[in-house]
Each structure stands twice: as C-alpha cells, then as structure tokens.
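Structural overview for review
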Amino acid sequence: MYEIGQAEIDAVARVINSGQLFRYRGGEGGEVDTFERSLCAMLDQPYFVTVTSGTAALICGLVGLEIGPGDEVIVPGYTFMATASAVVAVGAIPVVVDIDESCCLDPVALERAIGPRTKAVIPVHMRGLPCDLDGIQAVCRRHGLKLLEDACQGFGGQYHGRWLGAIGDAGAYSFNHFKTISCGEGGGVTTASREVFERALTHHDSGTAFRGHAGEMTIPLFCGTNFRCNELLGAVLNVQLSRLAGIRTRLRERRDLLRERLDGSSAFELSPVNDVEGDLGAVVGLLFETAAQRQAAERHLASAGQGFAAGSPIDSGIHVYSRWQPIIEQRGSYHPAHDAYRRPENEGCRKTVTPDMLPRTLDILDRTLHLVLDTKTPLEHYAALAAKLRELG
Ligand SMILES: *Cc1c(COP(=O)(O)O)cnc(C)c1O
C-alpha cells in the first residue's frame, strides 16, 4: 500500500556517503533520532523507540508493561499471528477472544473473558479500522488491565481525533512491506510512561550498552536483546513519513466514494466502523447476511474481469486464529525450558485454542467482504467497483 520513489533513494545515498550507518553514530539529529522526534511530535507522545519490526515493537511494549510468565494477555481472533506469538515470546499466554462486526475486538467479549491471571489486552486496529477504544478502556479501568494497542496496520488512522497506537498504555507499529509506510522491515513502540519507555529502550538495545545517556535511566538495566534500527532504514522512514498525509488523503477519497455509493444497498450493509472519520481508509467492509451471499458477491466482482481487489477476511490465512498452528499446538519455543506453554508459572493459565472455539468470529469474517483500497489506483476504478456491486441490489 505504501508509496516509494527517488526521494528514498536520495536519502539512502546521503547516509551511505556520510559513512554513519549506526544510529548511535548518527547521534542527535541523525536519521533514526529525527524520525523518533517527528513521531513524538505527531503522536503528541513523550516517547517513541524505533525497532526492527512490528513484532519487536509488540515485544518491547509487553516488556515495558512488565508482562511475563504467569500472565494471560487477551488478543482478538482476527489478527496476524505475531500479536499472539509476541505474548508467548515474553513467557505469557495469549487468550483468544471474539471480534464484533467491526472486525475488531469486542469489548463485551473482552470483559467476559477476563480471569484471575489476565494482566493485559492487545486490541488490534486491523486494516486501519479503529477498535472501540472507549469500550475497551472502560473494561481495562474496571479490571486494572494494561492496554497495548497493536497499531501495526493502523499507522495513520485515528480514533476520536487521536492517533491509533498513542491512546493505550503503549502502542506498536510495523513498517514492513504491507503497511501504511514502509522501510521493508521496521517498527516502533510509543508510550507516555517514562518507566515503560525505559524498559522498552533497554530491551531493544542489549541493555542500552550504546546509549550515551544510559546513566540517566531510573530503572535497573537488564540484558535485553537487540532490535535497534539503523540509519539507512531511518532515512527511508523519514521520507516515508512525509508521504503519510498524501496517502491518508488518497485513501480517504477512495473510501468516501465507495461508502457513499454503496450505502443503502439491499444486498449488504456497510460494516460498522467504530470511528468513520478516524478510519485510515485501507479497506471498506461489506457485511452480508450469509457467507453464501458474500461468496456470490465475490464471484460477481471477479466476473467483471477488472481486477477488483476484494476478499473475505476468512480467507486471510494466518490472520485468523484457527490457522495459528504453533499456538493451537502449544509450541512456544525451540527449547522446552523457554516455552511459555510448559513453564510452571503458567500452569493455571488458559492455554487451549481450538480452531472452532470462536464460531461468532468465524461467522462474522465469513460474512464480511473487504474492498482493498490503493492510493495508486485511480478513483474511476472504484466508481466502476461500486457500480458493479450495486448490480446486486
Ligand atoms: C504486520 C503485523 C504485525 C507484525 O509486524 P512485523 O513488522 O511483520 O513483525 C503484528 N500485528 C499485526 C496486526 C500486523 O499486521
């Protein structure tokens, strides 16, 4: 979905010519440093750490929130498996919960699923569609849960005027190939909490060995790992960020055209959106009464032979919990002593995930059709798509 061109080539060339590829050589005013300052300003957050992937960002967020063995973390049944495997990576157990018709975590199902071990929840803004964060935050407050937003697909989307990822206790972004902006592989974690930031920073930087101001830390250093971003990726990200406003405008033009022309159909409804204005515009969801009707609509679109990008989230492979093989088979690690599923601390946690355990989620996904929007595809293509769909009623 991202846009890329000569400006990124020039930015990377500048970094190579400078000979400073390492972020802590680039220092203040270096590429990664500049990206983090820009993100803090944009998100109105005091802290942002750039890392090497969205998965790394989720792991750093969980580390920041002190999630570990003995804890359960609630995740939705519709998300990339990395949301759940990040939980396993920090030694905790993911508990998979229903979505609602917005294709995001259902706050009612969330509250019902809370058990004595539940410590945190990771709502996921799938395809830039904002979760019902008011509902989810209310549940978190009532039960003392930490809130980590998985905004890996939600970068550039908003909820009630605030950027997705910058609303919970921490938020994770991905800048991989499939996301709003991209440096090939990359990510970032943001928080308003000094302590959460310090733990995330330490974890991403081998115990902050390279940070000049490691001495300013208020938490004791621990070993961590290395998810540091380099200046080449930082340079690409700075240019990519400058493209965000244009991407948002073009996506939303396409979304608004489709929503306007598809509203009022007798064949389907527009999927409910928790904040239509904040939605990124990466997809327009259609909700059918039955899966058979959704399939018929997909065949109708394919018959036009115009390459309309439309598909049901039920067919999105590893984005559906029923396809999370390692989670279902409870294999958390290469080494049994590292495996969250075998740790004695997790004995009382709810580990069972079976492919058919969330029939409501599977039914909603099966009845939903996502029209996938692209900024480089002209508006007329979407006008033709709308016209083809209105032939259904
Ligand atoms: C992409 C993605 C991730 C993981 O991001 P990577 O950069 O591939 O590690 C996590 N959660 C969701 C919802 C994603 O779409």
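Located above this text is the structure these notes cover.
Residues numbered from 1 in each chain as written. Predicted model: local features only at pLDDT ≥ 70, side-chain atom pairs only at ≥ 80, totals over all residues. Heavy atoms only, no water.

Looking at where Arg-199 falls in the secondary structure, it is placed in helix α8 (residues 194-204). Arg-199 gets classed as buried once you look at its relative accessible area, which sits at 11%. When neighbours within four sequence positions are excluded, Arg-199 is seen to be in contact with Val-63, Gly-64, Glu-66, Ile-219 and Phe-222. (Helix = DSSP H or I, 4+ residues; strand = E, 2+ residues; numbered from the N terminus. Buried < 20%, exposed > 50% of the residue type's maximum accessible area, 1.4 Å probe, protein only. Contact = heavy atoms within 4.5 Å.)

The side chains of a regular strand alternate between both faces of the sheet. Note that strand β2 (residues 72-76) and strand β4 (residues 118-121) share three bridges and pair parallel. Among the inter-strand pairings, Ile-74 is bridged to a residue of β4, identified as Val-121. Examined bridge by bridge, β4 and strand β5 (residues 146-150) share two bridges and lie parallel to one another. Looking at the pairing, Ala-120 lines up with Lys-146 of β5. (Pairing = 2+ DSSP bridges.)

Here helix α1 (residues 6-18) contains 13 residues, and its C-alpha end-to-end distance of 18 Å stays within 8% of the 18 Å for a straight helix at 1.5 Å per residue. Of the positions making up α1, those classed as buried are Glu-8, Ala-11 and Val-15. Looking straight down α1, one finds that the buried residues subtend no more than 65° of arc, so they occupy a single side. Turned more than 90 degrees off the buried face of α1, the exposed positions are Gln-6, Ile-9, Arg-14, Ile-16 and Asn-17. Where α1 is buried, its residues meet α3 (31-43) and α9 (231-242). Following α1 by one or two positions, Gly-19 adopts a phi angle in the positive range, close to 75°. (Expected span 1.5 Å × (residues − 1). Arc of directions from axis to C-beta.)

A word on the sheet that holds strand β8 (residues 170-174). Backbone-to-backbone hydrogen bonds join strands into a sheet, with any given pair of strands oriented parallel or antiparallel. Pairing in this open sheet of seven strands is mixed, and the strands run β1-β9-β8-β5-β4-β2-β3 from one edge to the other. Single-partner strands in this sheet number two, and they are β1 (47-51) and β3 (93-97). Across this sheet, the average inter-strand angle for adjacent strands is 25°, counted without regard to direction. The pairing of β8 with strand β9 (residues 187-191) spans four bridges and is antiparallel. Its bridge partner being in β9, Gly-171 is matched across the sheet by Thr-190. Lying on the sheet, helix α7 (residues 133-143) is in contact with β4 and β5; it crosses β5 at an angle near 150°. (Axes fitted to C-alpha atoms, helices over the stretch in contact; angles between N-to-C directions.)

This is a description of form; function is not addressed.
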